[in-house]
Amino acid sequence: QTVKIGTPTFLTGAAAPAFGIPAKNGVELIVRGINNGELPAPYNTKGFAGRQVEALIYDEAGGGTKQVTEMRNKVQKDNVDAIIGIISSGTCAATTALSEELKVLTIQTVCGTTRVFEELNKDPKYVFRTINTATANNVSAARYIAAKMKGKVKGITGINQNYAWGQDSWRDFRLAMATLMPDVTATKKPQFPKIFSGQYGTEISALSRAKENLVHSSFWGGDLEAFIGQSSARGLFKRKLFVLTVGETVAYRLGKKFPQGIMVGTRGPYGMYVANDPSPINAWFQKEYRKAYGEPPSQPSYQYAQGYLAGKFAYDDAAKKAGKFPTTEQVIASLTGATFPSFVGNVTMGLSKGHQIVTDDRWGVTVWDDKKGEMVLEDVVIFPPGCVNPPNGVKSADWLKGGMKGAKC
Amino acid sequence: MDFELLLVILVDGLVYSSYLFLVAVGLTVIFGVQKVLNVTHGAFYAFGAYLTAYLIGLWAKGGLPDAGGFFLIFISAAILGVVLGVIIERGLLRFLYDRDEHIAVLATFAAFLVLEDVILLIWGTDPYLAFQPMSLLGSSEIAGLVFDNYSLTMIVLTFVVAFVLWYGLNRTQFGKILLAVIFDREVSMAMGINVTKVFLITFIIGTFLGALGGAYHAPIISVQPGIGVEVIVLAFAVVVIGGMGSIPGALIGAIVVGISRAAAVHLFPEVELFVIYGIMALVLIFRPEGLFAPIKARKI
Amino acid sequence: MTRVLEVHDLEKNFGGVVAAHNINVAVEIGETIGIIGANGAGKTTFVNMVTGYLKPSSGRIEFMGKNVVGLQPRDVTKLGLCRSFQVPQVFLSESIFDNMMVAYGIAERSGLGLFAPLHTEERAAKVDAQLKRYQIDDYRDMAASALPQGVRKLLDIAMATVRNPKLVMLDEPTSGISVEEKFGLMDIIMQALREEETTVMFIEHDMEIVERFVDRVWAFYQGQVICDATTAEAMKDEKVREFVIGQEYHPAHVEGGVHA
Amino acid sequence: MNRLFDKTFWGLTIGLVGLLALNFFLEEWMRSIGLQSLSRGCVAIGLLILWRTGLVSFGHALFFGFGAYTVAMMQILGVNDLFVLLICGMATAGFLAFFLGFLLRKYRAIFFALLNMAFSMILYGVLAKAEWLGSTDGFGVKQVSFIGMTPADDMYRPLLFVCAAFFAYISAVGAHWYLKSTLGMMTMAVRENEIRVEYLGYSAEKAIHVKYVLSGLLAGVGGVIMAVTVGHVDPDSMVYWPVSGDFVFITILAGTGNVGATFIGALVYELLRTYAFEFAPHLWQLILGGSLLLIIMFLPDGLWSIRSELRNRRELRQAKRDSDNRAAEVRR
Amino acid sequence: MLKVEGLDVNIGATPILRGVGIEVPSGTMCGLIGRNGAGKTTFLRAIMGALDAQNGQMEFDGTDLVAAAAHQRAHMGIGFMPEDRRLVPQLTSEENIMLPSWTTKIEKPQERLEWIYELMPEVQEFRSRGATELSGGQQKFVAFARALMVGTKLLMLDEPSEGIAPVFAQRMVEIMEGLKEAGESVLVAESNDKHIKNLLDRIFVIERGSIISGQDA
Ligand SMILES: Nc1ncnc2c1ncn2[C@@H]1O[C@H](COP(=O)(O)OP(=O)(O)OP(=O)(O)O)[C@@H](O)[C@H]1O
Ligand SMILES: Nc1ncnc2c1ncn2[C@@H]1O[C@H](COP(=O)(O)OP(=O)(O)OP(=O)(O)O)[C@@H](O)[C@H]1O
Ligand SMILES: [Mg+2]
Ligand SMILES: [Mg+2]
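Throughout what follows, the structure given in this document is the object of discussion.

Rules of the game
- Residues numbered from 1 in each chain as written.
- Chains lettered and ligands numbered in written order.
- Predicted model: local features only at pLDDT ≥ 70, side-chain atom pairs only at ≥ 80, totals over all residues.
- Heavy atoms only, no water.
- Axes fitted to C-alpha atoms, helices over the stretch in contact; angles between N-to-C directions.
- Helix = DSSP H or I, 4+ residues; strand = E, 2+ residues; numbered from the N terminus.
- Parallel < 35°, antiparallel > 145°, perpendicular 65-115°, else oblique.
- Left-handed = near helix turned anticlockwise from the far one by under 90°.
- Contact = heavy atoms within 4.5 Å.
- Nonpolar A, V, L, I, M, F, W, Y, C, P; charged D, E, K, R; others polar.
- Donors = N, O, S within 2.8 Å, 3.2 Å for Na, K, Ca; no water.
- Buried < 20%, exposed > 50% of the residue type's maximum accessible area, 1.4 Å probe, protein only.
- Near = heavy atom within 4 Å.
- Polar contact = N/O pair within 3.5 Å; in protein donor to acceptor, adjacent residues only side chain to side chain.
- Areas by Shrake-Rupley, 256 points an atom, 1.4 Å probe, with all protein chains shown as cover.
- Patch = residues over 30% accessible without salt bridge, like charges linked within 9 Å, V, L, I, M, F, W, Y side chains within 5 Å.
- Salt bridge = Lys/Arg side-chain N within 4 Å of Asp/Glu carboxyl O.
- Lys, Arg positive; Asp, Glu negative; His and termini not counted.
- Charge placed at Lys NZ, Arg CZ, Asp CG, Glu CD.
- Buried area = accessible area lost by both parts, 1.4 Å probe.
- Core = buried A, V, L, I, M, F, W, Y, C linked by side-chain atoms within 4.5 Å.
- Pairing = 2+ DSSP bridges.

Some thoughts on the packing of helix H3 (residues 93-103) of chain E against helix H6 (residues 136-150) of chain E
Residues and elements named next belong to chain E.
Stage number 1. Where H3 meets H6, the axes come as close as 7 Å, and the angle between the chain directions of the two elements is 25°. Between H3 and H6, the interaxial angle falls into the category roughly parallel. The element H3 and its partner H6 pack so that their crossing is right-handed. Contacts between H3 and H6 involve Ser93, Asn96, Ile97, Met98, Pro100 and Ser101 from the first element and Val142, Ala145, Arg146, Met149 and Val150 from the second.
Stage number 2. Class assignment for the residues of the contact of H3 with H6 results in seven nonpolar, three polar and one charged.

Quick look at the structure:
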């Protein structure tokens, strides 16, 4: 008997290279590790509660509504026991109600929209998320700037893709900056090019001409690569300061072509920020990933793998408590509010009634390491979970607008 | 309004127009002759970009000089023009000339879906980067801003392509023969024109142009799955604005859209997304057949 | 009021080509008018303007005392001025029967009535009667695309007359019809139209047909009416002979019923 | 009047009864596939009406999306009854079609197809951009009530299925009757020869306009069913151009011979997609595209042509038998 | 010169021609006469390769036409004037006439054009007018001239006098007389042989897709 896990990830389309495929690789690796009992303690037992894990990976392309159908098929037709995955916020928002309706344990792994637990599913039972919200990411970026660049930043502008992720990212960043650095002005004309347009010449001109000197961008994947290539050729990185909230998704691939001195984020303790962290699980993951795929794991690999670690923790814990293979309800009970060991130390399901993880968030500045032949980060600051997340029960938007009261830094 | 801004809008606009034109011109050529709205055009673009990026990668690995990149761009487009052009025209389109034009659109749409996955099978999901030709050309300063020369060469390429095509169609015998084929295949055959050959040649030219669009952009974008989809819709819009099948139309259409878009990005970034469709709707309301409408035969 | 149609100072240019110039003509009720003229003289253009397909450059067209310049073909049709075409305009992939059904359906219904079923016994009977009158009932269920040219022409004319128009304009009803059939065909048409007391105007190149069926002739030349007279007079007219008929025409042969 | 109650009518009625009976046995995922087929089928009927006029729309996701988004927006306003939502969805989609119709009725052939696409892309842009319209995330759609009734949880989807089947049935019968009416027969007339239609005294543009509004209404019905079925609306899966492509795909698959076939086409499409997605997670486009190509090449009139093919063969066989008999008689 | 035997042609699934056989000897003017719908146009189109032959042989000057591609006909010196003219609207009359000379190797096309203009001076008058600016009859002359341009060996005319005013029809006949004197081989399809009867050397009567008689006039 196996535990069947449905795992949506982008296998086709533009989100596949930067997110979908690394995520899939991470899943395949961690599932292998789990099934063979290769992982270090405390995850050195085989399978989920002793049963082998079977990951049914399927394509997340095509929009939220389509994903609702796919999830229904996976649950009702292929009888999966749980869903672990989901990259796009749109998919998370679209499927959260369905997960509750189908009573299927769902661990969302990459999507960052606060709407999932703050609007759509205020009283979650089956849905969990094992990554910080996008808000945390942008708040920590603002905190980093406030801490490290006082006086250097004269104004902020942004270029973000014209969809929910980009819009939310810019808004959160702007609000956090307004609280932390009230005398820094924000532009009235942020750029919102169409997603996947690939051609940013005009926007680069507009950014070059802007009087604000810090550019915020939540670009990822191919858009980010194209933007970096075009901006480098036009000297934009020499003119402006940059904060790329998920820039790490392309940093390894671009190698030396990735500009130095740029602030990049990974939305938590993943990827580049933990590449040298000696914790045993992390060391195993880094080593095996590089061995299997010939490149270092970036954030989506970590984030999906972390979702599976949460799954393993909950199944094992529930089995221990129940004394037999657990029911979904028992697994949920074990995961709710749990603190479990992840790649670098423990993480806690600390928000939204124990369904939303809170982790630390890390920021630093890129610099090329000749010895390793890899981009690395310097000047790294680790912001503890309480510093970048709202207190329990407070909505992110209210918290941001209210000046981030109650933050524990 | 300050003069510098106007200049920047003009340059940005022309660069974007060039992009649009190179992307759209192959589509309009094929539509003009074969009356097929060729959705596989998007895949030609993607193939062009992939092959170029891939070859430039190999080239660089072999330690050969970066300037070879330009050679590879045209070689890739030419190879694809012949290979894909022949496969699609001989293998698919020729069965569709006698059928409804919508059916042809759908068949090419289906072929497009298939080709997208063929790309995936050949090149995988990893993006390809080929910045070498762009880095090689360096940059220049206009109106206080840095522009990369590679994008500026795109403007030149656009005008060269537009002129060559316009000349070929309007000033040469081949162009006039094309007009005959466009008008009536049966009569053309009766007049000794090898219509099969003419169709194949134009389709190869159209495919070459589509692939060239992709090949020439490969150095400035990240070549990754899905780039073809975006291109089709843009190309359709440009072609419809200009008048389907008209080369000058595609050029003017691209310029109108490119400059309006540049102005929008600089002045009102909020409306950027709607510029192209807005212009399309406006043009069609006032000139239903596009800016350059084809001549029609009398009916009664 | 006995005038069906009055045309005043009609002008039409296509770029440099003068397709109508200074046309002033009128048609009395019950008349049969023949329009002759060399190719490109402007005959079809004239019909197109009268029926609203083309807008004249200037001039006035009155049908039953009402100015019809600027009306759409459908409005002109509803007023009772119908036409057939040089190239028959029928629904090629449908059967003759369905062609006529649709024609009647459109003619008889308007507004919400258009949502009522097309096929009714009553209408089918009417269609069959009309097909019989035009002697094309043998082809009832054949697709129009497969019809012989002559039958297609008849269908075109039959469709033009479903509204019992006051005036029909036929554009070359016999072109492309073999000599043996021409007269028979015209007999059918004229008889059917006379039963309905319709005023008829037709364009024709065959002078024998003109002689036989027409009361009055308008001869067109380079956009102008060079002759508006009874048939006999027109045939003798110098200009008509020079620009339209040519030398070949010998009335004696027609009367003999054979041609050289 | 019995011309209205013809074979197709009874076929559809039997289909409805069959569906209602099946409802008791279906597993939930099958019911979902059924619901989506009904939804897409309604849109495809609208396309069929246009197709018979010689017009193809590559942008009917516009009306589909309008219907679907109306459900979400009305729920925000507090309206939650399926029937009210249906009427609202049809009304908004219908009004949009009515207004756009004034422009679109002037266009034919590929221009018509593309202009529709342009409008759907404009709507896509607005939805994807405007935060108050949910941006790319869209909105969730809550469970609806049925004329004020709120069924028990396990009865909800079966009841929804019953309603959707009825809506689809009414749409199909309505469309079928419409196609037999004078105005409906004008589809063919307009396609074949607009000049003749004008000279028969009717405006071809007006006829097209009516059809356009009807097809918009039907797409609205499809959108409402889809929104309620899936429980979510978003621009990528409701209005983006490949969605319109799916509808055209279904129309081709089914053929334009019969409104009933449309639902079969929709079902086949739905199954094809489900299994392609399952068995070839990253090559499903290849399978869909390949099937579409095969259909275009070998079943030019869609699934419906299988039927006519069979009938032809039967008739041929019959004719052969007749002539054999005759020959036998002669010999005797 | 042209020899056809046992030709069967279907359009779609409908058989249109059944076992048609004719022969056009070199230097003769032959008529293919039949009522509307008898299959004249179909026959000519089949010879031109626009329709596929189900059965039968077609031979021109010793070359097998069934095997040759459609466009080869023009290269062999067959000129064709379609029933409905079909001039290319974007080209001028003269360009329309010259069109076949661009793809086939006609010797001295300019001289041939001059000769055609001599034969039909009226065409020269509107040589620079666009094809759309001509009336039906005028277009017919241009189509005739175009066929003449390639038709160095055989000319096939589909209803040249249809829809033509008597003056023009007479001109048409005169032109054909000229051709006859020049020794051209011609095959004319007509439903109405009144104008050309005297010119014909041989008449084939076609009815319902079959030749019912073929005799020297
Ligand atoms: N739509 C048009 N555009 C340009 N020129 C036109 C148009 N319609 C007609 N003409 C020109 O107007 C003149 C008159 O044409 P028309 O068709 O009325 O002649 P006709 O008398 O009917 O000739 P035919 O007997 O050949 O049918 C011709 O020179 C023709 O070329
Ligand atoms: N596409 C078609 N489908 C079915 N039947 C056709 C088609 N085209 C022509 N036919 C039929 O073929 C027969 C021969 O047609 P064709 O055009 O060769 O006759 P024709 O002798 O040239 O007549 P016309 O004098 O009218 O030009 C006609 O009966 C016609 O109805
Ligand atoms: Mg005329
Ligand atoms: Mg003929």
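Side note on the coordination of the magnesium ion (ligand 4)
All names here are of chain E.
Stage number 1. Every protein donor of the magnesium ion (ligand 4) is accounted for by Thr41 (OG1), Glu83 (OE) and Glu83 (OE), and the metal-donor separations fall at 1.8 to 2.8 Å. With Thr41 in helix H1 (residues 40-47) and Glu83 in the loop between strand E6 (78-81) and H3, this pair connects stretches of sequence that are 42 residues apart.
Stage number 2. Taking the relative accessible area as the measure of exposure, Thr41 reaches 23% and is therefore partly exposed.
Stage number 3. What makes Glu83 partly exposed here is its relative accessible area of 28%.

Structural notes on unusual backbone geometry
Stage number 1. In the segment running from A:Ala41 into A:Pro42, the intervening peptide bond is cis, with an omega of 0°.
Stage number 2. Even without glycine at this site, A:Met404 takes up a positive phi of about 55°.
Stage number 3. Mapped onto the elements, A:Met404 comes out in the segment after helix H15 (396-401).
Stage number 4. Here C:Met64, not a glycine, exhibits a phi torsion of approximately 50°, which is positive.
Stage number 5. Structurally, C:Met64 is set in the loop between strand E4 (58-63) and strand E5 (66-67).
Stage number 6. Taking the relative accessible area as the measure of exposure, C:Met64 reaches 34% and is therefore partly exposed.

A closer look at the coordination of the magnesium ion (ligand 3)
Stage number 1. Surrounding the magnesium ion (ligand 3) are the protein donor atoms C:Thr44 (OG1) and C:Gln86 (OE1), which sit 1.8 to 2.4 Å from the metal. Here the residue C:Thr44 occupies a position in helix H1 (residues 43-50), and C:Gln86 occupies one in the loop between strand E6 (81-83) and helix H3 (96-108), the gap between them amounting to 42 residues.

As for the arrangement of the chains
Stage number 1. Between chain A and chain E there is no contact; the minimum C-alpha to C-alpha separation amounts to 38 Å.
Stage number 2. There is a clear gap between chain D and chain E: no contact, and 13 Å between their nearest C-alpha atoms.

A few points about the site of ligand 2
Stage number 1. Taken together, 15 residues lie around ligand 2, and C:Ala146, E:Gly37, E:Thr41, E:Thr42 and E:Glu83 are the ones closest in.
Stage number 2. Interatomic distance of 2.4 Å between a side-chain N/O atom of E:Thr42 and an oxygen atom of ligand 2.
Stage number 3. In this structure, an oxygen atom belonging to ligand 2 sits 2.8 Å away from a side-chain N or O atom of E:Glu159.
Stage number 4. In the complex, the protein chains occlude 77% of the 640 Å² of accessible area that ligand 2 would expose alone.
Stage number 5. Looking at the shell around ligand 2, the element that brings in the most residues is H1(E), giving three residues.
Stage number 6. Looking at the shell around ligand 2 residue by residue, the class counts come to five nonpolar, six polar and four charged.

A word on a negative patch on the surface
All names here are of chain E.
Stage number 1. A cluster of like negative charges, contributed by Glu5, Glu23, Glu59 and Asp64, occupies part of the molecular surface.
Stage number 2. Within the secondary structure layout, Glu23 lies in strand E2 (residues 14-24).
Stage number 3. Owing to a relative accessible area of 36%, Glu23 belongs among the partly exposed residues under this scheme.

Some points on the interface of chain A and chain B
Stage number 1. With 38 residues of chain A at the contact, the number on the chain B side is 37 residues.
Stage number 2. When chain A packs against chain B, the two sides together hide about 3,100 Å² of surface, and 55% of this comes from carbon and sulfur.
Stage number 3. One can count three salt bridges joining chain A with chain B.
Stage number 4. Residue A:Arg209 is joined to B:Asp2 by a salt bridge in which the shortest nitrogen-to-oxygen separation is 3.7 Å.

Some remarks on the side chain of A:Thr366
Residue and element names in this part refer to chain A.
Stage number 1. Here Thr366 shows up in strand E14 (residues 361-369).
Stage number 2. Look at Thr366 and you get buried, because its relative accessible area is 1%.
Stage number 3. Ignoring any residue separated from it by four or fewer positions in sequence, one finds Thr366 in contact with Phe258, Pro259, Gln260, Gly261, Ile262, Val264, Met375, Val376 and Leu377.

Comments concerning the nonpolar core
Stage number 1. Formed by 441 residues in total, the largest nonpolar core has its most connected members in A:Ile145, A:Phe173, A:Phe258, E:Phe43, E:Phe144 and E:Leu187.
Stage number 2. Ranked by residue count, the leading element in this core is helix H1 (residues 3-34) of chain B, at 16 residues.
Stage number 3. If sequence neighbours within four positions are ignored, E:Phe144 has contacts with E:Met81, E:Met120, E:Leu155, E:Leu157, E:Met172, E:Ile175, E:Met176 and E:Leu179.
Stage number 4. By size, the runner-up hydrophobic cluster in this structure holds 62 residues, among which are A:Ala15, A:Val27, A:Tyr289 and A:Tyr302.

Looking at the pairing of strand E3 (residues 32-37) of chain C
Residues and elements named next belong to chain C.
Stage number 1. With six of six residues buried, E3 lies mostly within the body of the structure.
Stage number 2. Neither face of E3 is exposed, since Thr32, Gly34 and Ile36 on one face and Ile33, Ile35 and Gly37 on the opposite face are all buried.
Stage number 3. Sheet analysis places E3 next to strand E8 (residues 199-203), joined by four bridges and oriented parallel. Looking across to E8, one finds that Ile35 is bridged to Ile203.

Structural notes on the sheet that holds strand E15 (residues 374-383) of chain A
Residue and element names in this part refer to chain A.
Stage number 1. Within the open sheet, the seven strands sit side by side as E7-E6-E8-E9-E10-E14-E15. Their pairing is mixed. The open sheet terminates on both sides in strands that have one partner only, identified here as strand E7 (185-186) and E15.
Stage number 2. Direction of pairing for strand E9 (residues 241-244) relative to strand E10 (residues 263-265): parallel, over a ladder of two bridges. What sits directly across from Val243, in E10, is Met263.
Stage number 3. Helix H6 (residues 164-180) contacts strand E6 (155-158), E7, strand E8 (214-217) and E9 of the sheet and is inclined by roughly 175° relative to E6.

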